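Architecture at a glance
Residue-level listing of the chains:
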Number of protein chains: 2
Amino acid sequence: MSTDRIITLHGEQELVQRAGHLFVASREEFLVAATDLMTFSAGVNAAFREGKRPHVVPGLTMRKLYSRRALADPESLRRLRRIAASGIEIRISDGPIAREAIVIDRRTAILAGAPVRGVHTYTVVQAPEVVDGVRSLFRATWETATALADCAAPPPPLTEQARDTLRALSAGHTDETGARLLGVSLRTYRRRVADLMATLGASSRFQAGLLARDLLREEVTPAAPR
Amino acid sequence: MSTDRIITLHGEQELVQRAGHLFVASREEFLVAATDLMTFSAGVNAAFREGKRPHVVPGLTMRKLYSRRALADPESLRRLRRIAASGIEIRISDGPIAREAIVIDRRTAILAGAPVRGVHTYTVVQAPEVVDGVRSLFRATWETATALADCAAPPPPLTEQARDTLRALSAGHTDETGARLLGVSLRTYRRRVADLMATLGASSRFQAGLLARDLLREEVTPAAPR
DNA sequence: ACCGATCTGGCAGTTTGCTGCCATGAGCAC
DNA sequence: GTGCTCATGGCAGCAAACTGCCAGATCGGT
């Protein structure tokens with residue numbers, strides 16, 4: 001194995017700067033396996049936040065695999081839901097994540113390295129036998145993992161008020177019209193919209209629509225066991 | 001059959017005024033069978049538009065069954081998609097709709113009557129044998145019908161630009177942030193958002209999020225034949 | 001090269017959405 | 001009865017979103 005095909009990056013910023021272009025260039029497959037949303041995954045988050053992330057192209061498979069630690073708290077779950085609603089497939093593995101990694105287009109693997117002086121390291125490998133091994137491990141774990149929708153606790157049922165609000169929003173009405181239809185003042189309607197968005201964990205109305213759609217779908221067709 | 005259990009309503013306004021409360025009170029099941037989105041269904045639309053429609057409660061089944069005529073033009077399809085995205089199950093029957101009707105809570109059937117002097121009539125029936133018959137017919141046709149997502153022509157694939165826009169919106173960013181991430185001006189970003197919304201057929205960002213979620217879902221898991 | 005179509009970006013005016021503030025009323029417990 | 005909590009509605013200030021307009025840049029065809 002040629003050593004010039006292995007690079008070690010120190011810290012998230014170096015990851016972003018030296019591997020971010022790989023993220024952007026990804027066209028077939030972008031896989032992430034991480035224990036939770038914070039540690040290894042923080043490197044991916046940092047890159048994404050700076051716009052270094054795959055274009056959403058037809059044919060690109062984007063999958064994220066986490067351990068149950070990712071469901072540890074409500075905010076993490078809300079984040080996972082937001083990620084899922086934006087079109088990324090998410091599964092949760094019952095066991096630990098044996099190898100935290102990012103696999104890009106079947107050609108590059110970025111592995112979690114040992115922290116050096118408290119700084120995360122990332123090992124970038126392009127040796128086919130390593131990449132294939134990591135990818136196979138991902139696939140095997142993926143196949144036994146459970147879709148997020150099937151293993152996360154269902155969100156608390158919406159109140160009737162929230163549902164009426166959801167319905168008015170779903171119809172594409174302005175707030176003024178929605179308020180009138182529900183027979184409340186504009187201020188009250190907007191207060192309820194804000195409450196619904198907080199419940200959904202959304203920071204924009206578009207995102208709220210994405211999340212709400214998942215919710216509606218779960219009610220019409222409750223999740224079946226995998 | 002007692003005649004006082006049959007009422008004939010003339011025109012949509014009378015439907016709204018004298019049967020609208022039944023729509024609102026519906027708690028278990030609200031079924032509509034119509035040939036297309038315009039003729040018989042126009043009465044339901046009018047009631048809904050005036051706020052006379054079922055509350056969105058858990059346990060309420062809302063289903064709409066149409067013939068293929070409902071897919072006749074792109075705008076009808078866009079409307080169907082909006083309806084579906086708001087949580088109503090929609091199926092398309094290959095055959096004609098034998099009996100255009102609304103069935104409410106298994107107790108009331110509203111049937112399409114013959115037009116009188118060009119005015120739609122609606123026959124409201126609460127005789128159990130009639131209601132059961134209409135409902136059975138609905139169910140039988142529903143079982144052989146195809147889910148909207150499975151029979152409508154898939155929407156044209158989004159351009160890469162539209163996808164990037166979708167992704168920024170999905171992340172819940174403000175327009176300013178979205179524009180920066182995509183490397184375009186705010187004006188251009190907003191122009192693209194407006195284009196995406198036109199493509200989706202949405203009149204608000206929330207609604208666009210609902211519709212976009214269906215789109216994303218169709219790409220990750222393409223429709224299987226029923 | 002020129003020309004036309006299209007896209008971009010800056011700016012401005014407008015509409016819609018967001019939220020704090022405050023007064024009021026309703027409901028509930030004591 | 002009183003006091004507290006919570007929800008509502010009106011208002012105001014602000015942010016975010018919407019879109020027209022116009023000038024300039026870009027692209028493709030001849």
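Residues numbered from 1 in each chain as written. Chains lettered and ligands numbered in written order. Predicted model: local features only at pLDDT ≥ 70, side-chain atom pairs only at ≥ 80, totals over all residues. Heavy atoms only, no water.

Glancing now at the sheet that holds strand 1 (residues 6-10) of chain B. All names here are of chain B. Pairing within the open sheet is mixed, and its eight strands lie in the order 1-7-6-5-2-3-4-8. Of all strands in the sheet, those bounded by a partner on one side alone are strand 1 and strand 8 (146-147). Where strand 2 (residues 29-34) meets strand 5 (residues 101-104), four bridges bridge the pair, whose relative direction is antiparallel. When the sheet's bridge partners are listed, Ala-33 is paired in strand 5 with Ala-101. Packing against the sheet, helix 2 (residues 41-49) makes contact with strand 2, strand 3 (61-67), strand 5 and strand 7 (119-125), and its axis sits at approximately 140 degrees to strand 2. Strands in contact with helix 4 (residues 128-144) are strand 2, strand 3, strand 4 (89-93), strand 5, strand 6 (108-116), strand 7 and strand 8; relative to strand 3, the strand with the most contacts, it is inclined by about 70 degrees. (Pairing = 2+ DSSP bridges. Helix = DSSP H or I, 4+ residues; strand = E, 2+ residues; numbered from the N terminus. Contact = heavy atoms within 4.5 Å. Axes fitted to C-alpha atoms, helices over the stretch in contact; angles between N-to-C directions.)

Bringing the protein's contact with DNA strand C into the picture now. In the vicinity of DNA strand C, 14 residues are found, and the nearest of them are Asp-175, Arg-187 and Arg-205 of chain A together with Thr-188 and Arg-192 of chain B. Between DNA strand C and the protein, one listed contact pairs a phosphate oxygen with a backbone N or O atom of Asp-175 of chain A at 2.9 Å. For DNA strand C, a phosphate oxygen lies 3.0 Å from a polar atom in the backbone of Ser-185 of chain B. When residues of the surface near DNA strand C are traced back to their parent elements, those giving at least two are helix 8 (186-200) of chain A together with helix 8 (186-200) of chain B. (Near = heavy atom within 4 Å. Polar contact = N/O pair within 3.5 Å; in protein donor to acceptor, adjacent residues only side chain to side chain.)

A few words on the environment of Leu-77 of chain B. Residue and element names in this part refer to chain B. When you line up the elements, Leu-77 lands in helix 3 (residues 74-85). Residue Leu-77 is classed as buried on the basis of its relative accessible area, which comes to 15%. Placed 124 residues apart in sequence, Leu-77 and Gly-201 show a C-alpha to C-alpha distance of 9.6 Å. Excluding residues within four positions of it along the chain, Leu-77 makes contact with Ala-70, Leu-71, Leu-148, Ala-152 and Ala-153. (Buried < 20%, exposed > 50% of the residue type's maximum accessible area, 1.4 Å probe, protein only.)

This next bit is on the relation of the copies chain A and chain B. With an RMSD of 0.1 Å, the fit of chain A onto chain B corresponds to turning through 180 degrees and sliding 0.0 Å along the axis. A rotation of that kind, with that shift, is consistent with a two-fold axis. The fraction of interface residues of chain A whose copies in chain B are also interface residues reaches 100%, indicating that both copies meet through the same surface. (Least-squares fit on C-alpha atoms with pLDDT ≥ 70 in both.)

All right, on to the interface of chain A and chain B then. Taken residue by residue, the interface counts 39 residues in chain A and 39 residues in chain B. Counting the contacts that link chain A with chain B gives six salt bridges. Arg-213 of chain B is the salt-bridge partner of Asp-214 of chain A, the closest N and O atoms lying 2.8 Å from each other. Run the count over chain A and chain B and you get 11 residue pairs in polar contact (both at pLDDT 80 or more). Put simply, the parts of the chain that give the side of chain A that touches chain B at least two residues each are helix 3 (74-85), helix 6 (160-170) and helix 9 (205-220) of chain A. Residue contributions to the side of chain A that touches chain B peak at 12 residues, all from helix 9 of chain A. Class assignment for the residues of the side of chain A that touches chain B results in 16 nonpolar, 10 polar and 13 charged. (Salt bridge = Lys/Arg side-chain N within 4 Å of Asp/Glu carboxyl O. Nonpolar A, V, L, I, M, F, W, Y, C, P; charged D, E, K, R; others polar.)

It is possible for side chains bearing opposite charge to pair when their charged atoms get close. Taken as a whole and judged by the stated rule, the model has 30 salt bridges over all chains. Across the pair Glu-160 of chain A and Arg-27 of chain B runs a salt bridge, and its minimum N-O distance is 3.6 Å. On the criterion of chain membership, the pair formed by Glu-160 of chain A in helix 6 and Arg-27 of chain B in the loop between helix 1 (11-25) and strand 2 is interchain, its members lying in two chains. The partly exposed category is assigned to Arg-27 of chain B, whose relative accessible area is 37%. Between Arg-106 of chain B and Glu-29 of chain B there is a salt bridge whose closest N-O contact spans 3.7 Å. You can see Arg-106 of chain B sitting in the loop between strand 5 and strand 6 and its partner Glu-29 of chain B sitting in strand 2, a full 77 residues away along the chain. Looking at Arg-106 of chain B, the relative accessible area reads 39%, which means it is partly exposed. Put simply, Glu-28, Glu-29, Arg-106 and Arg-135 of chain A are held in one network by salt bridges that share partners.

Here we take up the domain arrangement of chain A. Residues and elements named next belong to chain A. Each assigned domain of chain A is listed with its residue range as follows: domain 1 (3-151) and domain 2 (160-220). The interface is formed by six residues belonging to domain 1 together with six residues belonging to domain 2. A combined buried area of about 520 Å² lies between domain 1 and domain 2, and 60% of that area is made up of carbon and sulfur atoms. For domain 1, the biggest contributors to the area lost against domain 2 are Arg-78, Arg-82 and Ala-85; these three give 73% of the whole. Inspection of the domain 1/domain 2 interface yields one residue pair in polar contact (both at pLDDT 80 or more). (Domains from an automatic or database assignment. Buried area = accessible area lost by both parts, 1.4 Å probe.)

A few words now on the pairing of strand 5 of chain B. Residues and elements named next belong to chain B. Here strand 5 shows a buried face lined by Ala-101 and Val-103 and a second buried face lined by Ile-102 and Ile-104. Examined bridge by bridge, strand 5 and strand 6 share four bridges and lie antiparallel to one another. Note that in strand 6 the partner of Ile-104 across the bridge is Thr-108. What sits between strand 5 and strand 6 in their antiparallel hairpin is a turn of three residues, with Asp-105 showing a positive phi close to 50 degrees.

With respect to the helices, strands and loops of the structure, Leu-31 of chain B is situated in strand 2. Excluding its chain neighbours within four sequence positions, the residues that come into contact with Leu-31 of chain B are Arg-63, Ala-101, Ile-102, Val-103, Arg-135 and Phe-138 of chain B.

Structurally, the position occupied by Thr-165 of chain A is in helix 6. Once residues within four sequence positions are removed from consideration, Thr-165 of chain A is found in contact with Leu-182, Tyr-189, Arg-192, Val-193 and Leu-196 of chain A.

Before going further, it helps to examine the packing of helix 6 of chain A against helix 8 of chain A. All names here are of chain A. For the pair helix 6 and helix 8, the least separation of the axes is 10 Å and the interaxial angle reads 100 degrees. Judged by the angle between their axes, helix 6 and helix 8 are roughly perpendicular. Contacts from Gln-161, Ala-162, Thr-165, Leu-166, Ala-168 and Leu-169 in helix 6 reach Tyr-189, Arg-192, Val-193 and Leu-196 in helix 8. For the contact of helix 6 with helix 8, a count of residues per class yields seven nonpolar, two polar and one charged. (Parallel < 35°, antiparallel > 145°, perpendicular 65-115°, else oblique.)

Moving on, we get to the sheet that holds strand 3 (residues 61-67) of chain A. Residue and element names in this part refer to chain A. Spatially, the eight strands line up as an open sheet ordered 1-7-6-5-2-3-4-8, and their pairing is mixed. Taken across any chain shown, the strands that pair with only one partner, and hence form the sheet edges, are strand 1 (6-10) and strand 8 (146-147). Where helix 2 (residues 41-49) meets the sheet, it contacts strand 2 (29-34), strand 3, strand 5 (101-104) and strand 7 (119-125), and its direction lies at approximately 140 degrees from that of strand 2. Set on the sheet, helix 3 makes contact with strand 3 and strand 4 (89-93); between it and strand 4 the angle comes to about 140 degrees.

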